[in-house]
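Reading the structure
For reference, the chains in residue letters:
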Amino acid sequence: MNEEQSKKIMRLAIEEAKKSSEPLKCGVVIVKNEEVIAKTYNSQRESKNSSAHAEIKALGVAGQIVDNKNLDGCDIFCTCEPCIMCVSAITFAKIRRLYYGISLSDVSPKDKRIDISIDEFFQKSPHKFEVIKNFLEEECKVLI
């Protein structure tokens, strides 16, 4: 996937994030073979479900579409760096590549998150994938 295609997909994630009523609006798009297979946004309060993070919801939708829990060959675009719960789920789904816009440390107070970076997580992770950090960061900042 070239950079222009990647930018277009991240902009779809930004549009998804705008649908969220959460204080920290997050949007996610999952792509396989350059085709969008899932688009979601975070909705914990609306759904009264603490796991209704955009990443978790998107992984569920994508798994149904490909009829498999493993999302080999899929890329995930997140407007915000995934939390440790979400990066764990992304790892177990065997995602190929993660793009994220805003660093979690820039939008969430340290006392409101489990402060483990993706780099720290990867030291012990059984599945490694490519991470493109701060992708379209300035465009994603409109969400905060």
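Predicted, not measured: the structure shown is a model, and the values here were computed from it.

Here is what the cut-offs are and how they apply
Residues numbered from 1 in each chain as written. Predicted model: local features only at pLDDT ≥ 70, side-chain atom pairs only at ≥ 80, totals over all residues. Heavy atoms only, no water. Phe/Tyr/Trp six-rings, centres within 6.5 Å; stacked < 30°, edge-to-face > 60°. Helix = DSSP H or I, 4+ residues; strand = E, 2+ residues; numbered from the N terminus. Buried < 20%, exposed > 50% of the residue type's maximum accessible area, 1.4 Å probe, protein only. Lys NZ or Arg CZ within 6 Å of the ring centre and 35° of its normal. Salt bridge = Lys/Arg side-chain N within 4 Å of Asp/Glu carboxyl O. Contact = heavy atoms within 4.5 Å. Pairing = 2+ DSSP bridges.

Observations concerning the packing of aromatic side chains
- Applying the stated criterion across every chain yields a total of four aromatic pairs.
- Measuring from ring centre to ring centre gives 5.1 Å for Tyr99 and Phe135, while their planes differ by 65°; the resulting arrangement is edge-to-face. Taken together, the residues span a long stretch of sequence, with Tyr99 in strand E4 (residues 97-102) and Phe135 in the loop between strand E5 (130-132) and helix H7 (137-140) at a distance of 36 residues. Grouping residues by exposure puts Tyr99 and Phe135 together as buried.
- Between Phe122 and Phe129, the aromatic rings sit 4.9 Å apart at their centres with planes inclined by 80°, giving edge-to-face as the arrangement. In this structure, Phe122 and Phe129 share a single accessibility class: buried.
- Of note, Lys57 hangs over the ring of Tyr41, and the distance from its end group to the ring centre comes to 4.6 Å.

Points about helix H4 (residues 84-92)
- Among all positions of H4, only Ile84, Cys86, Val87, Ser88, Ile90 and Thr91 are buried.
- Immediately beyond the C-terminal end of H4, within one or two residues, lies Lys94, with a positive phi of roughly 65°.

A closer look at the pattern of salt bridges
- Under the defined criterion, the tally for this structure stands at eleven salt bridges.
- Glu4 is paired through a salt bridge with Lys7; the nearest N and O atoms lie 3.8 Å apart. In this pair, Glu4 and Lys7 both sit in helix H1 (residues 3-17), three residues apart, roughly one turn of the helix.
- For Glu4, a relative accessible area of 53% puts it in the exposed group.
- Ionic pairing is found between Arg45 and Glu22, a salt bridge with its closest N-O pair at 2.2 Å. Taken together, the residues Arg45 in helix H2 (residues 44-47) and Glu22 in the loop between H1 and strand E1 (27-32) connect sequence positions 23 residues apart.
- By relative accessible area, Glu22 is classed as buried at 2%.
- When salt bridges that share partners are traced, they join Asp75, Arg96, Arg97 and Glu130 into one network.

Looking at the side chain of Thr91
- Relative to the helices and strands, Thr91 resides in helix H4.
- Not counting residues within four places of it along the chain, the set of residues in contact with Thr91 comprises Phe121, Ser125, His127 and Phe129.

Describing the pairing of strand E3 (residues 74-80)
- In terms of burial, E3 is a largely internal element, seven of the seven residues being buried.
- Across five bridges, the pairing between E1 and E3 is antiparallel. Its bridge partner being in E3, Val29 is matched across the sheet by Phe77.
- Bridging between E3 and E4 involves five bridges; their strand directions are parallel. Looking across to E4, one finds that Cys78 is bridged to Tyr100.

Here we look at the environment of Ala93
- Tracing the backbone shows Ala93 in the loop between H4 and E4.
- Separated by 32 residues in the primary sequence, Ala93 and Val61 place their C-alpha atoms 12 Å from one another.

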